[in-house]
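Each chain, letter by letter, is given below.
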Amino acid sequence: MPQLEASVAIDFRSDVYRDAYSRINAIVIEGEQEANENYIRLADLLPDNKDQLVGLAKMENRHKKGFEACGRNLEVTPDMVFAHEFFAALHGNFQKAAAEGKIVTCLLIQSLIIECFAIAAYNIYIPVADDFARKITEGVVKDEYSHLNYGEEWLKANFETSKAELEAANRENLPLVWQMLNQVEDDARVLGMEKDALVEDFMIQYGEALSNIGFSTRDVMRLSAMGLATA
Ligand code: PL3
Ligand code: FE2
Ligand code: FE2
């Protein structure tokens, strides 16, 4: 008996797909743009790490260009107004923290939360992407692991003095991630990405990061599920 197809082929050119892509693509472009700005801001706050952080910012700019090309390839116009709104709360929290010189909060928002969100999204997207976008995304996700690693290493080296601020910043910002996922759930499904898989991958990446920084297993469980039950 012939094997059934594992999944129904995705029609990347359909109106339904391209409509969903106009929002998801915009989110990714906006996310990469804000990541670029956030690392430039961090370079000011951490002058000793300036060259490395400017290097990360440049990578984010290349990622943005790559995803813009993915949209053009499908003849999709990204809905940048939607994407700007999508990131507004997290972006506002980063800017407020930066203005107050709260480096730990800035690193938690950008290098842990946003990078883990990106890694989860890109990992889940790669198997269901069109050929052009798959190649681009595979290159990008490798870089995102190095950005996550930057945050982990800094926070690990400063763990004892950062712990209380990390707890507070996690409580304030992680619930925003669950809200953001709820907002993209329907569009992500059209692209072949399930919310449960995104949540699972995010929690694995984020939990591992917290553990590498120095939190106990008990703390990791508590911190990484913050606000999930009520989302
Ligand atoms: C930091 O380097 C990049 C920040 C980008 C954040 C992206 C979050 C994406 C969440 C939307 C879920 C679907 C993603 C689809 C992938 C093309
Ligand atoms: Fe990036
Ligand atoms: Fe990144």
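For the structure itself, look to the data block above.
Notes on the structure in this doc start here. Think of each chain on its own: its residues are numbered from 1, step by step along the sequence as written. Lettering of chains starts at A and numbering of ligands starts at 1, both following the order in which they are written. Only residues with pLDDT of at least 70 are given local features in this predicted model, and only at 80 or more are side-chain atom pairs given and counted; all residues enter the totals for whole chains, interfaces and linings. The basis for every side-chain value is the complete set of heavy atoms in the structure, and neither hydrogens nor water enter the calculation.

1. A look at the overall build of the chain
Next, step 1: Counting its secondary structure elements, the chain contains eight helices and zero strands.
Next, step 2: Comment: elements are numbered from the N terminus, with helices defined as DSSP H or I runs of at least four residues and strands as E runs of at least two. For the chain, the N- to C-terminal ordering of α and β elements is α-α-α-α-α-α-α-α.
Next, step 3: Its C-alpha atoms give the chain a radius of gyration of 18 Å, near enough to 17 Å, the size a compact globule of 231 residues would have.
Next, step 4: For the chain, the spread of C-alpha atoms along the three principal axes comes to 60 × 35 × 30 Å.
Next, step 5: When each of the 231 residues of the chain is scored for burial, the buried share is 52%. Two things to know: the radius of gyration comes from C-alpha atoms, and the globule rule equals 2.2 Å times the number of residues to the power 0.38. Exposed residues in this analysis have more than 50% of their type's maximum accessible area, buried residues have under 20%, and partly exposed residues fall in between, with area computed by a 1.4 Å probe over protein chains only.

2. As for the coordination of the iron ion (ligand 2)
Next, step 1: Within the protein, the iron ion (ligand 2) binds to Glu32 (OE), Glu60 (OE), His63 (ND1) and Glu144 (OE); these donor distances fall in the range 2.0 to 2.2 Å.
Next, step 2: Water is not part of the atom set, so a site may look incomplete; the donors themselves are N, O and S atoms within 2.8 Å of the metal, or 3.2 Å for Na, K and Ca. Each donor residue of the iron ion (ligand 2) lies on one chain, and together they are spaced E-x27-E-x2-H-x80-E.
Next, step 3: The distance between the iron ion (ligand 2) and the iron ion (ligand 3) comes to 3.2 Å, and glutamate 60 binds to both of them. Of this pair, histidine 63 sits in helix H2 (residues 50–73) while glutamate 144 sits in helix H5 (residues 131–157), and the two are 81 residues apart along the sequence.
Next, step 4: You can call histidine 63 buried: its relative accessible area is 3%.

3. Some details on the site of ligand 1
Next, step 1: Here a residue is considered near a molecule or strand provided that any single heavy atom belonging to it is located within 4 Å of it. Close contacts around ligand 1 come from 16 residues, with Ile24, Glu32, Glu60, Glu115 and Glu144 the closest.
Next, step 2: For the accessible areas, the method is Shrake-Rupley and the probe is 1.4 Å, while residue cover comes only from the protein chains on display. When isolated, ligand 1 has an accessible area of 530 Å², and the protein chains bury 99% of it.
Next, step 3: Taken atom by atom, the bulk of ligand 1 overlaps the largest cavity.
Next, step 4: Mapped by element, the contributors of at least two residues to the shell around ligand 1 are helix H1 (15–45) and helix H4 (103–125).
Next, step 5: Take the shell around ligand 1: its biggest share by element is seven residues, from H4.
Next, step 6: Its residues placed into classes, the shell around ligand 1 shows 11 nonpolar, one polar and four charged. The rule is simple: put a 1 Å grid over the protein atoms alone, call a set of points where a 1.4 Å probe fits but cannot get out a cavity, call an open set with protein on both sides within 12 Å along at least five of seven lines a pocket, and count a residue as lining if it has an atom within 4 Å of a point. Occupancy of a cavity or pocket is assigned to a molecule whenever over half of its atoms lie within 2 Å of that pocket's grid points. Three classes are used, and their members are as follows: Ala, Val, Leu, Ile, Met, Phe, Trp, Tyr, Cys and Pro are nonpolar, Asp, Glu, Lys and Arg are charged, and the others, Gly among them, are polar.

4. Here's the deal with the pattern of salt bridges
Next, step 1: Each reported salt bridge corresponds to a side-chain nitrogen of Lys or Arg within 4 Å of a carboxyl oxygen of Asp or Glu. Applying the stated criterion across every chain yields a total of 12 salt bridges.
Next, step 2: A salt bridge links arginine 13 to glutamate 75; the shortest N-O distance between them is 3.5 Å. Separated by 62 residues along the polypeptide, arginine 13 in the segment before H1 and glutamate 75 in the loop between H2 and helix H3 (80–99) bring together distant segments of the chain.
Next, step 3: On the accessibility criterion, glutamate 75 (59% relative accessible area) is exposed.
Next, step 4: Residue lysine 102 pairs with glutamate 100 through a salt bridge whose shortest N-O separation is 3.7 Å.
Next, step 5: Since its relative accessible area comes to 36%, lysine 102 is described here as partly exposed.
Next, step 6: When its relative accessible area of 45% is taken as the criterion, glutamate 100 is described as partly exposed.
Next, step 7: Sharing partners across several salt bridges, the network here consists of Glu185, Asp186, Arg189 and Glu194.

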